[in-house]
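Topology and contacts: notes
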Amino acid sequence: MIELKGIVKIYDKNVSDKPALNNVNLTIYDGELVSVIGPSGSGKSTLLNIIGCMDRATEGQYILNGVDVYSCSRKKYDLLRKDNIGFVFQHFALMDKFTAYENIELPLLAHNIKRTQRNRMINDAMERLGILSEKGKMPSKMSGGQQQRVAIARALVTGCNILLADEPTGALDQATGREVIRILKEINASGTTVIIVTHDSGIAEQTNRIIEICDGELV
Ligand code: ADP
Ligand code: MG
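Residues numbered from 1 in each chain as written. Chains lettered and ligands numbered in written order. Predicted model: local features only at pLDDT ≥ 70, side-chain atom pairs only at ≥ 80, totals over all residues. Heavy atoms only, no water.

1. Some remarks on the side chain of Gln148
One can find Gln148 in helix H5 (residues 144-156). Filtering out sequence-adjacent residues up to four positions away, Gln148 remains in contact with Val88, Phe89, Gln90, Phe92, Pro168, Leu172 and Val180. (Helix = DSSP H or I, 4+ residues; strand = E, 2+ residues; numbered from the N terminus. Contact = heavy atoms within 4.5 Å.)

Shown next, in the form of structure tokens:
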């Protein structure tokens, strides 16, 4: 469960007097399928980064699965992220110099998982995403939809229980985008909490809850 209490994010206290997030209170229960909508610059990515422990709030409390995130040591904080969170981005964020297989392998290396087990986990993830045939391909040789599937496989391969997707269809054509949303819904149906930032009201309407954000505040 995700609990945000009085979250404020100010990037640069000297420059901006307007916080990127202002007093955000939000609870997301395990297994929810949620979308986050709002105009550009309203704080959607900031919110997702804070939930994903990629960035820390300036003020407020974040409780993740019962753990007070900001009172953790750096090491525990990193573990919280590694054990719970998967992230998918608009532009896939794959490593250009690595094959699809190697990209999915990266988080497993960070978890110190042995080679034979890694191999099995990567194959399972690739099969689940329908990209087994792309194993040896470089990202630059793959379509946008295939690259996003690799990115989703990389996010899922360690068994995260929260999947965060920041405009995951923003760089895809409509049909491919629909397919990616279908995959994210399928992942949610198997029990993973899924949070999707989107500009597309058609996508938001397919989720169980729409969170609207404007000028850093929940509407
Ligand atoms: P959205 O994802 O809704 O477009 P963001 O969360 O990226 O919005 O941005 C919210 C506000 O915070 C904007 O005013 C943006 O300029 C500012 N911001 C975002 N990231 C940074 C950063 N790394 N440094 C300084 N300001 C930032
Ligand atoms: Mg954004």
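The rest of the description comes next.
2. Let's talk about unusual backbone geometry
A positive phi angle, near 50 degrees, is found at Asn23, a position not held by glycine. Its place among the elements puts Asn23 in strand S2 (residues 21-28). Here Asn112, not a glycine, exhibits a phi torsion of approximately 55 degrees, which is positive. By the secondary structure assignment, Asn112 is in the loop between helix H3 (100-110) and helix H4 (115-128). Relative accessible area serves as the criterion here: at 69%, Asn112 is assigned to the exposed category. (Buried < 20%, exposed > 50% of the residue type's maximum accessible area, 1.4 Å probe, protein only.)

3. A short note on the nonpolar core
If you look at the biggest cluster of nonpolar residues, it comprises 35 residues, and the most contacted ones within it are Ile104, Ile152, Leu163, Leu184 and Ile187. Among the elements of the structure, H3, H4, H5, strand S7 (162-166), helix H6 (174-189) and strand S8 (193-197) are those that each provide at least two residues to this core. At six residues, H5 tops the list of elements feeding residues into this core. When sequence neighbours within four positions are dropped, the list of residues in contact with Leu163 reads Gly86, Phe87, Val88, Ala155, Leu156, Leu184, Ile187, Thr192, Thr193, Val194 and Ile195. Within the second largest apolar cluster, 29 residues are counted, among which are Leu47, Tyr62, Tyr77 and Val197. (Core = buried A, V, L, I, M, F, W, Y, C linked by side-chain atoms within 4.5 Å.)

4. Some words on the packing of H3 against H4
At a closest axis distance of 10 Å, the pairing of H3 and H4 adopts a crossing angle of 125 degrees. Compared by their axis directions, H3 and H4 come out oblique. In this structure, the crossing between H3 and H4 has a hand that is right-handed. Facing Ala100, Tyr101, Ile104, Glu105, Leu108 and Leu109 of H3, the residues of H4 in contact are Arg118, Asn119, Met121, Ile122 and Met126. The class makeup of the residues in the contact of H3 with H4 is eight nonpolar, one polar and two charged. (Axes fitted to C-alpha atoms, helices over the stretch in contact; angles between N-to-C directions. Parallel < 35°, antiparallel > 145°, perpendicular 65-115°, else oblique. Left-handed = near helix turned anticlockwise from the far one by under 90°. Nonpolar A, V, L, I, M, F, W, Y, C, P; charged D, E, K, R; others polar.)

5. Examining the site of ligand 1
With respect to spatial proximity, the complete set of residues near ligand 1 consists of Tyr11, Ala20, Pro39, Ser40, Gly41, Ser42, Gly43, Lys44, Ser45 and Thr46. A distance of 3.2 Å separates an oxygen atom of ligand 1 from a polar backbone atom of Ser42. (Near = heavy atom within 4 Å. Polar contact = N/O pair within 3.5 Å; in protein donor to acceptor, adjacent residues only side chain to side chain.)

6. Digging into the packing of aromatic side chains
According to the stated counting rule, one finds two aromatic pairs in the structure shown. Ring geometry for Tyr62 against Tyr70: centres 6.4 Å apart, planes inclined by 65 degrees, an arrangement best described as edge-to-face. Given a relative accessible area of 0%, Tyr62 falls into the buried group. A centroid spacing of 4.9 Å and a plane angle of 10 degrees characterise the contact between Phe87 and Phe89, whose relative ring orientation is stacked. For Phe87, a relative accessible area of 10% translates into the label buried. Against the face of Tyr77 rests Arg56, its NZ or CZ located 4.3 Å from the ring centre. (Phe/Tyr/Trp six-rings, centres within 6.5 Å; stacked < 30°, edge-to-face > 60°. Lys NZ or Arg CZ within 6 Å of the ring centre and 35° of its normal.)

7. Some remarks on the sheet that holds strand S10 (residues 217-218)
Strands sit in the order S6-S7-S8-S3-S9-S10 across an open sheet of six strands; the sheet is mixed. Each edge of the open sheet is held by one strand with a lone partner, namely strand S6 (85-89) and S10. In this sheet, strand S9 (residues 209-214) lies alongside strand S3 (residues 33-37) in parallel orientation, the contact comprising four bridges. By the bridge assignment for S9, Ser35 is matched with Ile210. Packing against the sheet, H6 makes contact with S3, S7 and S8, and its axis sits at approximately 150 degrees to S8. (Pairing = 2+ DSSP bridges.)

Read these as layout, nothing more, since geometry by itself doesn't imply function.
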